Each structure stands twice: as C-alpha cells, then as structure tokens.
Amino acid sequence: MFICLSILLSLCSVLRWDLTEDKRYSLNDATIQLVESLDEPLEVTVYLDGDLNAGFKRLSNATMEFADELSSYADVHVRKGDAQKLEGKELSPTLVHERAKDGRTAQTTVWPYAAVTYKGRTAYVTLLHNARGLSGEENLNQSIENLEYGFAEAIHSLQQKEPLRVAFLEGHNELSEREVYDFSRSLARYFQVDRGIIGSDPNVLSPYKVVIIADPQRPFSEREKFIIDQYLMRGGRILWALNGVRFSQDALTNNGFTPVLPLELNLSDMLFRYGIRVNPSLLQDVQCLPVPVNVSTDPEQPNYQPVPWYYGPILLTSQLSPITRNVGQVSSSFASHVDAVGGEDGIAKSILLATSTASRMISTPAEVDLADINPDLTQFKYSYIPVAVSLSGSFPSVFAHRLPPEGLDSVDTQVTKSVETKQVVIACGNILRNEWQQGEPLPVGYDRYSGMQFGNRDFLTNAVLYLADDEGLISLRQKEIALRLINTERAYQYKSLIQMISIIAPLIILSIIGCSVLLFRRRRYGLQNE
C-alpha cells in the first residue's frame, strides 16, 4: 500500500491544498485560464528586496509565493532583481520612515514593483497601494489582496498583439492634453491613447474600446450625439466626466467670487434615456480640502491661512465595486450630484463616489464668494450624495424613434437597443485635472497646499480598465484577505509568559508523547513476554 501511495505521489509534481478560510493561496478561475493560455515562458522579476521591515518582507514573500503559484499552471520563471535597474523608467520609489530602538529616525528607499516579461515585452506591476486614512498594516494587507489582479492585468496586456485604443474627445472645450497628462500617462501603460474631434463619420469611434468625455464646456450637436449613441449601441464604452454647473476659475482667483449657472451641454435627454441624470447643483461638504486665504486686514502684510474649502469635497469610495475597492478618498472641486432614473429598465447601477455624512446641495443660479468662508454648518444635513455611478446593461437609443440628424456622411443601420455594455458617469470634471508646478506635472489628485495625495488616479484608471474588461479580470479586485493583527499592548504585557509557554509547552508535549509511547510498548510487549 505504501509503495503504491509513493508511486502515486511521485506522479504528481505538485500537490496543493489551500486550507485557509479566505483562500488566500488559491487563484481565481479567470487567472488560471489566463496563465494556462501562455504559449511561451513568462519571467517575473520582483524588485522588492533588501533590508526591509517586517511589513514589506511580508509583502515581498507574498509576491514570491504568488509568482510561484503561477508556475503551477504555466512555465513561469521567478527571480529577484536589482532595484537600481528601475531608475529612469518613470517608476517612483517609496520613502519609508522608521524609528529605530535608539529613537533615531531612519529613511529607507523601497521600490515596490515587479516586472512581468513575455515574448520580449515587459509590464510593471505596482505592489504597494497606499490609501489615505489607513494604517500601514491595512495598506500592506490591501496590497496583498491586489496582487492577483495586478499580475493578471499585466499578463493580459502582454498577450494583446496590438494594444487596445482609448480616445479623449475634443471640440467642446474639454480638458486639454496638458490638463489630463498624468491620467493619460497612467492609461498609456495599458492602452494606446488618442485625442480628436468626432466629425461627420458615423463610424469614427468604432476602433476605440473606451471613449472619454472629459469636462466639456460647450454643447454637443445632434450629429455628435448620434455618433456617440450609435457607438454605445454597438458595444462601445464611455467614461463621462461632466460638470452640472458652469463657473469661472479665473474670476474666482482674480475677483474672489464667481457666478455659478447650470451648464447646458445638450446631453440631458441622452443620459436620461440611459438611466442617469447629472443635476445642475453645487455640493458642499464638511469633509473638504483646505485653501489658503488672506485673513490680514493690512494689504501690505498679507497673512495666508488654510481654511476649509467646502466647495472641494473629499469623496468617499465604495468598497462594493471593483472600481473603487481599496482606493483612497478622491478629491474634487465644484462637484454636482447624480440621480438614477428608470428603475425598471434592467440597467444595473452602482454608486462609486459619494459625499460624507455632512453635506449640502446648493441650487443654481448661485454665487461662490471667498469671503463667505463660515457657512451655517447646521445646513449640512445630507449624507452620501452620489457623485459617480457605473451603469451596465442593454441601453435604449435616444434616437430610437427619430431620424438620423443631418450632416452625417452615411448611415448604414440605425441600432435602437444596445448590446450588453458599460458606462461610468462622474458629475465633476475636475477629478481628471492635474496641475503643473515649475514645468512639471503634478499627479492627478495631489493637493499642493496640504501635500496630500488622493486616489483620483487609481479611481480613474480602474474605471477605464473596468470599461475595457471583457474577461472579468476586474472582479479580482474584490478578493478579500482577513487582516488578523496582534494586540501589541497585550503581547508586550505578557511577553515573558508567552516566551515561557513557547519554549516549555513543546517540551512538555514531546515528553507526554514519549512517555505514552514507552508505557504503551511496555504494557503490550511486557504482557506478551509473560
């Protein structure tokens, strides 16, 4: 029997059995199918190495274990690499500040990346994800949760013979290429990013997997709406970033106030048909960004102090959507709110971003005045006002009972009901905008006054990846690994007892087992001799 068992085990190169409750060592079926489709060796180089603290060592070990798990399904070669080779590759290191036992603070540079190489092409996986407001242990745990999605997305992008294409629409005073530079650079890791106007060709958007409409300020024509509508009907995906109100940032900066009016883009009927409405309102939130305001009465001696900017809400992210799971809070400015309409249309709607529990909606027309920095906070009585929503399903065409508008080159077939597709609607265009400082672009979501980095880039990139995803890889972001922390206070309090039990308990157990075996043998063989 033992010989047969040995032969059977020898035929199995690897025997794996995940006994963990959260299946942390198991791969999703989509990942297994993706890796098994590889027809050439895959090389994984982990650069998170060196003199690391316990938390980063845990992340490094988890990355190596995950890469080894991939080798169970394909020819995967795993090794550790020299982090110095990453310099000059537009990858930013992480500075870790730690306090030593002698009280001094030490700074360590960490490169939390892994390189995935396939058929001569390389994609980089970001191993560390820092979300504002979370502890170091929580951020490291979320980083381990995201390992499978990060590697799966990298492998999937390397398998594409030609990169998928996304397009930013122009022609309506949208955000310029300079203003979305950081967002575009993030997308360039996965897609070919183009920009252009719609024109009169009904099929001009067909080559693009996702179309991004980034904060337009001028109305869309009926011809342009028809082209966008038919693109969606044929399975196109759209990221809408629309302001519900019109304001002047220059007037606010130069004069200290600006009128706020409803922004008419000629898209209301279209979005309403799809099941969503961007309201012409202005949101205020107690959880907001600070701005420097001159509080001095002497014009020759200005005194700038940070005060709450209630028109710049810090938006909460939903942990129920794969787009925003494990994404930090998102900064915004002059945001509006969205409403879901048409409850029986069969379209699935999911809230992505919302305000805090102390918010306020202001109807327009209105006026924003920097002098009004102390509003009545008792009026901030609304909670979780939606600002961004994802939509999925089969959408009806806004031109279902209408003739195609004039000015089109030619129309082959007019589709009145879409195939299954997806959209994301954001009622704030500023979420996409990055600022510049000394000729260098700042990361989107970075607030230079407070020095805080928000999760805008991760949210926007995940939204486009969600829209472009056909294989269901985005669902891997919902993987959850329970965080079981040690009570450090009790551990330090009972340190001596724990050490004593850890040393003595195994010896006692071994002694009991040894004595039991000895007594059993004496009793059995002693009685037989008699």
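Structure first, text after, so check above.
Keep in mind the model is a prediction, meaning the values are calculated, not measured.

Cut-off values and rules
- Residues numbered from 1 in each chain as written.
- Predicted model: local features only at pLDDT ≥ 70, side-chain atom pairs only at ≥ 80, totals over all residues.
- Heavy atoms only, no water.
- Pairing = 2+ DSSP bridges.
- Helix = DSSP H or I, 4+ residues; strand = E, 2+ residues; numbered from the N terminus.
- Axes fitted to C-alpha atoms, helices over the stretch in contact; angles between N-to-C directions.
- Left-handed = near helix turned anticlockwise from the far one by under 90°.
- Contact = heavy atoms within 4.5 Å.
- Nonpolar A, V, L, I, M, F, W, Y, C, P; charged D, E, K, R; others polar.
- Polar contact = N/O pair within 3.5 Å; in protein donor to acceptor, adjacent residues only side chain to side chain.
- Phe/Tyr/Trp six-rings, centres within 6.5 Å; stacked < 30°, edge-to-face > 60°.
- Buried < 20%, exposed > 50% of the residue type's maximum accessible area, 1.4 Å probe, protein only.
- Lys NZ or Arg CZ within 6 Å of the ring centre and 35° of its normal.

Draft legend 1. Structural context of the sheet that holds strand S11 (residues 245-246). With antiparallel pairing, 3 strands are arranged side by side in an open sheet as S11-S12-S21. With one partner strand each, in any of the chains shown, S11 and strand S21 (366-369) form the two edges of the open sheet. Across 4 bridges, strand S12 (residues 257-262) lies against S21 in antiparallel orientation. Within S21, the residue paired with Pro259 across the bridge is Glu367.

Draft legend 2. Seen up close, the packing of helix H2 (residues 29-36) against helix H5 (residues 147-159). As a packed pair, H2 and H5 sit with axes 10 Å apart at the nearest point and diverge in direction by 35°. When you trace H2 past H5, the crossing you get is left-handed. Facing Thr31, Leu34 and Val35 of H2, the residues of H5 in contact are Glu148, Ala152, Ile155, His156 and Gln159. Here the residues of the contact of H2 with H5 sort into 4 nonpolar, 3 polar and 1 charged.

Draft legend 3. Focus on the side chain of Gln423. Structurally, the position occupied by Gln423 is in strand S23 (residues 421-426). Among the polar contacts listed, one links the side chain of Gln423 to the side chain of Trp240, at a separation of 2.7 Å. Apart from residues lying up to four places away in sequence, Gln423 is in contact with Leu232, Ile238, Trp240, Tyr274, Val389, Ser390, Leu391, Phe395 and Leu467.

Draft legend 4. Focus on the packing of aromatic side chains. Using the criterion set out here, one finds 11 aromatic pairs in the structure. Ring centres 4.0 Å apart and planes at 15° place the aromatic pair Phe247 and Phe334 in the stacked group. With Phe247 in the loop between S11 and helix H8 (249-255) and Phe334 in the loop between strand S17 (330-331) and strand S18 (338-340), this pair connects stretches of sequence that are 87 residues apart. Phe334 matches Phe247 in its accessibility class, with the two residues each being buried. Cluster of aromatic residues (ring-pair linked, three or more members): Phe247, Trp309, Tyr311 and Phe334. Geometry around Trp436 places Arg178 over its ring, the cationic atom sitting 4.0 Å from the centre. Stacked on the ring of Tyr466, the Lys or Arg Lys422 has its end atom at 4.5 Å from the ring centre.

Draft legend 5. Focus on unusual backbone geometry. Put simply, Thr364 and Pro365 share a cis peptide bond, and its omega is 10°. If you check the backbone angles, Asn173 has positive phi at about 60° while not being a glycine. Its place among the elements puts Asn173 in the loop between strand S7 (164-169) and helix H6 (181-187). For Gln438, which is not glycine, the phi dihedral falls at a positive 55°. The residue Gln438 is located in the loop between strand S24 (436-437) and strand S25 (440-441) in this model. A relative accessible area of 82% means that Gln438 is categorised as exposed.

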